[in-house]
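An overview of the molecular structure
Below are the chains, spelled out letter by letter.
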Amino acid sequence: MNNSPDSNIRDGEVPIYDAVKHLTRDELDATVRRNAAAMNFDLTDEHLNVIHSLIEHYKQDCATRDCLAAHEHMRFLEEAYAFKGGSKYLYMLFDAVPGTRGVLMPIHELAGLPALQLETDEGFGTAF
């Protein structure tokens, strides 16, 4: 097993943690608002709450392991927002972001984060 600091990098991709570890809430909000305006997307506090939850999840859970696969992050969000309807609620919020599909892809576009390695499941035609 390779325990070097770069052992989580695959095919030149940097782990998601590197993209968020120093990201402040104000910087994130500014980026999300700017990108939403550029996409002509009506951003709400509900969108920002979900985005903040995901970024905190990345900061806490992705520091020591590979977090490029989308399914575990989608599962986190579904559980965190189960009280509002889980995936149905999340898709209702984010599936309307122009030029994206699913939940995680639009969040990453809005937040200016790199794409996750496995954000679509072509076998099932699903976007996370």
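Residues numbered from 1 in each chain as written. Predicted model: local features only at pLDDT ≥ 70, side-chain atom pairs only at ≥ 80, totals over all residues. Heavy atoms only, no water.

What follows covers the overall build of the chain. A tally of helices and strands in the chain yields six helices and two strands. The N-to-C order of helical and strand elements in the chain reads α-α-α-α-α-α-β-β. When burial is assessed residue by residue, the chain has 41% of its 128 residues classed as buried. (Helix = DSSP H or I, 4+ residues; strand = E, 2+ residues; numbered from the N terminus. Buried < 20%, exposed > 50% of the residue type's maximum accessible area, 1.4 Å probe, protein only.)

What follows is about the confidence of the model for the chain. Per-residue confidence for the chain gives a mean pLDDT of 83, with 80% of residues at or over 70. Per-element confidence in the chain is highest for helix H2 (residues 25-38), whose mean pLDDT is 97, and lowest for strand S1 (residues 120-121), whose mean pLDDT is 50. Of the regions scoring below 50 in pLDDT, residues 1-13 engages in 13 contacts with residues more than four places distant in sequence or in other chains. (pLDDT = per-residue confidence, 0-100. Contact = heavy atoms within 4.5 Å.)

The next thing to look at is the pattern of salt bridges. The final tally for this structure, using the stated rule, is two salt bridges. Among the ionic pairs, Asp18 bridges to Lys21, the shortest N-O distance being 3.5 Å. Here Lys84 makes a salt bridge to Glu46, at a shortest N to O gap of 4.0 Å. With Lys84 in the loop between helix H4 (70-80) and helix H5 (87-94) and Glu46 in helix H3 (residues 45-61), the pair connects residues that are 38 residues apart, well separated along the chain. A residue is classified by how much of its surface remains accessible, and Glu46, at 33% relative accessible area, is partly exposed. (Salt bridge = Lys/Arg side-chain N within 4 Å of Asp/Glu carboxyl O.)

Side chains that are three or four residues apart share a direction in an α-helix, a result of its 3.6 residues per turn. For H5, the complete set of buried residues consists of Tyr89, Leu90, Leu93 and Phe94. Axial view of H5: buried residues confined to an arc of 110°, hence all on one face. Projecting away from the buried face of H5 at angles above 90 degrees are the exposed residues Lys88 and Met92. At its buried positions, H5 is contacted by H3, H4 and helix H6 (104-111). (Arc of directions from axis to C-beta.)

Grouped together as the largest cluster of nonpolar side chains are 32 residues, with contacts concentrated most on Val50, Tyr58, Leu77, Phe94 and Leu110. Secondary structure elements with two or more residues in this core: helix H1 (16-20), H2, H3, H4, H5 and H6. Top contributing element to this core by residue count: H3, with six residues. For Tyr58, the contacting residues outside a window of four places in its chain are Ile16, Tyr17, Val20, Ala63, His73, Leu104, His108, Leu113 and Leu116. (Core = buried A, V, L, I, M, F, W, Y, C linked by side-chain atoms within 4.5 Å.)

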